[in-house]
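Tertiary structure, described
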Amino acid sequence: MEHTAQVTLYTLLMSDRYQKHIDTGLLCYLQSDQTQGVAVRRSDLVGIIMRRNELANDILKASRTQVLPPMLKSQSMCRGCRHLNVCTIYHKAHGGSSGSSGLGDLFDSNTHHLTNAHAAFLRLWDWLIDLEAKEMQLPYSKSKKDNRFVYHFLRNGLPSLSERTSNGDFLNAASSPTKEVDCALRCGDFVILSSESSHLPVASGIVTDISHSHVSVSFSKLLRLPGSSPSSEASHLLEEIWRVDKDEFMTSFSVMRLNLVQLFLQSAQAAHVRKMIVDLEAPRFDKGCILSQDPAISYVLSQRNLNVDQRQAILKILAAKDYALILGMPGTGKTSTMVHAVKALLIRGASILLTSYTNSAVDNLLVKLKAQNIDFLRIGRHEAVHEEVRGHCFSVVSMTEMNIQSVEDIKLRLDQVKVVAVTCLGITSPLLANKRFDVCIMDEAGQTTLPVSLGPLMFASKFVLVGDHYQLPPLVKARENGMGVSLFCRLSEAHPQAISALQSQYRMCQGIMELSNALIYGDRLRCGSPEIANAKLDFFKFKVSFVVDTGGYGYQNLLTQLVHLSSASMFQIHPSSVFQFQIVLREFIKSKVCLVIHDLQVVLNPTKPVIFINTDALPAFEARDHKIVNNPMEAHIIVQVVEELVNSGIKEEDIGVITPYNSQAEIIRLSINHTSVEIHTIDKYQGRDKDCILVSFVRSTENPRNCSSSLLGDWHRINVALTRAKVRITLVFWLD
């Protein structure tokens, strides 16, 4: 009956997808090689739908109240149920016992390994996942006062419509040439919009309507193609072919729950990982291997292009029996370190699983491995993989090139290759169902939520987490409740001895590095070479004519403080609010050379790597419209400084503008005349750098105590903003 019901459900799914009535199906048993036809009967269909509604109601109640439905208390039914392990684990985690389950010894045999601490951990993270899912479940129908913008995407190949609707433009979308839309999108789905020409993601939105000819998507802001000018923006949008993909993050909650419950299953692998992550047992390291004749260690010691920190990090990985944590501070070459770590592990004959939350992070490492002629296999969607590594990805094209023609060929390839790469969410691929690895290396671990991190760790004997919990944490809604605590952060705080820190950075000059050291890293960062420390902007001329429109305040009142920061003191402060951040800056400035002048010409002084523009004396208060915050005066100052930098010989592509708010970025983007200047929010600049960075902090009110901001109060974001520049950073900020 259960198998027949499954066929009936598939007929419903196919009827809904293809908009055709399907009332029969085939049921094939592979073991017995028997096949039988299944005709859908109305009575069966009604019964299945009723059970479905009961289940949906129980799930809804459980998500709202954190109370699970009662167990069936039938040993005969439960003993053969494939969900027995999960069901009993959740029942015990929520206070259940052998008596309340009705299963007696059967319940105890499945849950005797769970402690009270395990149950509390499961309940906490299960609640956090539910909370995060609720936060993300926004209604797809938005009113005009919510400032949403709706665009209609026509299926590519249909006659284009020249007129625009009141809600938005008709834009071309890549789709199947068949009459029906061959996709799994539905109203309310979260989607990612990208351009077909550049394959770059442009915006995220919510599907509001879908038919055989179009998909309507609602966005929080107007669409804009990167690099397009405001004058030609509308025509470029209409000419572009767009790709609409379902947002994988929204489908990740089921993966999170699966990862979480697998941690508490009764298996040797789950028990080992559980000891490390839940019980927080101290990781073990082989102290004798450093003195051995290990060829992997000899390789590491022979690499002259590795600095001391990088060698120590790789040796830490080689010595680890359980796990190692690599703290990759900004610009310290963590990707290069990981390449050498992979090569050292391969010398030992180890099999390696490479993973990260994003495709770009995975492929960034693979591109460098490919340059070293290291063979690997990439698992993922062909179109989502970097073009340089697509030849290593399982797809129709690459399988032909690899001469893979059967399932046996796939298994053979998986057994032959030593390095396999996949995203954290892609770990559920059936290709990896029975695969095990000696080591799992996870990049960007500081930005990956704990439940997502768990999945890859179940495939390896030991793991290496690479990240920096002083930079951006996982981007989640329920961060204040604890969802923002990454596994990297949890383990590094519990066992700092497991950390090997990369501290020699090759990005920032001395002055910029010292600012980050003083505010965040406690003087741990150091320049990797004298050339990096003494790098300066190369102006071909040093002549400016800087004019600021003061709105009638008078030029003589523009007392702008320009501060050159150098030789930081050895202290570490994590500002937790805008007000506290201002206090930190004031204390830092007191011990520095502070220049108070009547114009902005010193902004272009090539000898000063860090410039602070205090807007106290300007009419530079923030503007608010509901939740939208921006600062037109700060934007004007940023635009003027960029103009003078370009006029003085700095290339547009070497200049970046960072701000915490999308609305401020949009104002600056519309006001600036140089399209190659990259203007993004702090979050989008993580992992990127520029020779010259300008930061607009935006927040400024007449009453300082009323200026509260979760964005500026987040010292992780402050750290990212301060560590993107190589030779010059200009901070536009309201101090008093």
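Everything numeric here is computed off the predicted structure, so don't read it as measured data.

1. Topic: the overall build of the protein chain
Along the protein chain, the regular secondary structure elements total 24 helices and 26 strands. In the protein chain, buried positions account for 50% of the 736 residues. For the protein chain, restricting intrachain contacts to residue pairs at least 6 apart in sequence, the fraction spanning at least 24 positions comes to 70%. Here the protein chain displays about 35,100 Å² of accessible surface, and carbon together with sulfur accounts for 53% of that area.

2. What about the side chain of D322?
Note on placement: D322 falls in the loop between α12 (308-319) and β9 (323-328). Judged by relative accessible area, D322 falls into the buried class, the value being 1%. Looking at D322, its side chain comes within polar contact range of the main-chain nitrogen of R284, at 2.8 Å. Setting aside residues up to four positions removed in sequence, D322 forms contacts with H272, M276, A282, P283, R284, S461, K462 and F463.

3. So, the pattern of salt bridges
Charged atoms that come close allow side chains of opposite charge to pair. All chains considered together, the criterion is met by 16 salt bridges. In this structure, K726 engages D689 in a salt bridge whose closest nitrogen and oxygen atoms are separated by 3.7 Å. With K726 in strand β26 (residues 725-733) and D689 in the loop between β24 (678-681) and β25 (690-696), the pair connects residues that are 37 residues apart, well separated along the chain. Owing to a relative accessible area of 31%, D689 belongs among the partly exposed residues under this scheme.

4. Focus: the sheet that holds strand β12 (residues 419-423)
Read across the sheet, seven strands follow the order β11-β12-β10-β13-β14-β9-β15 without closing on themselves; strand pairing throughout is parallel. In the strand order of this sheet, the two ends are held by β11 (377-378) and β15 (499-502), each with one partner.

5. Some details on the packing of α12 against helix α13 (residues 334-347)
Where α12 meets α13, the axes come as close as 10 Å, and the angle between the chain directions of the two elements is 40 degrees. Between α12 and α13, the angle falls in the class oblique. Regarding α12 and α13, the two cross each other, and that crossing is right-handed. Across from Q310, A313, I314, I317 and L318 in α12, the residues of α13 making contact are T337, M338, H340, A341, A344 and L345. Residue composition of the contact of α12 with α13, grouped by class: eight nonpolar, three polar and no charged.

6. As for unusual backbone geometry
In this structure, D33 takes a positive phi of about 60 degrees despite not being glycine. A relative accessible area of 65% means that D33 is categorised as exposed. One non-glycine residue with positive phi stands out, namely N373, at about 60 degrees. Mapped onto the elements, N373 comes out in the loop between α14 (359-371) and β11.

7. Digging into the pairing of strand β14 (residues 460-467)
With seven of eight residues buried, β14 lies mostly within the body of the structure. Strand direction decides the pairing type here: strand β13 (residues 437-442) and β14, joined by five bridges, are parallel. Paired with V439 across the two strands is K462, which belongs to β14. For the segment spanning β13, helix α17 (residues 450-457) and β14, crossover handedness is right-handed.

The rules behind these values
Residues numbered from 1 in each chain as written. Predicted model: local features only at pLDDT ≥ 70, side-chain atom pairs only at ≥ 80, totals over all residues. Heavy atoms only, no water. Helix = DSSP H or I, 4+ residues; strand = E, 2+ residues; numbered from the N terminus. Buried < 20%, exposed > 50% of the residue type's maximum accessible area, 1.4 Å probe, protein only. Contact = heavy atoms within 4.5 Å. Areas by Shrake-Rupley, 256 points an atom, 1.4 Å probe, with all protein chains shown as cover. Polar contact = N/O pair within 3.5 Å; in protein donor to acceptor, adjacent residues only side chain to side chain. Salt bridge = Lys/Arg side-chain N within 4 Å of Asp/Glu carboxyl O. Pairing = 2+ DSSP bridges. Axes fitted to C-alpha atoms, helices over the stretch in contact; angles between N-to-C directions. Parallel < 35°, antiparallel > 145°, perpendicular 65-115°, else oblique. Left-handed = near helix turned anticlockwise from the far one by under 90°. Nonpolar A, V, L, I, M, F, W, Y, C, P; charged D, E, K, R; others polar. Right-handed = clockwise from strand over helix to strand, strands pointing away.

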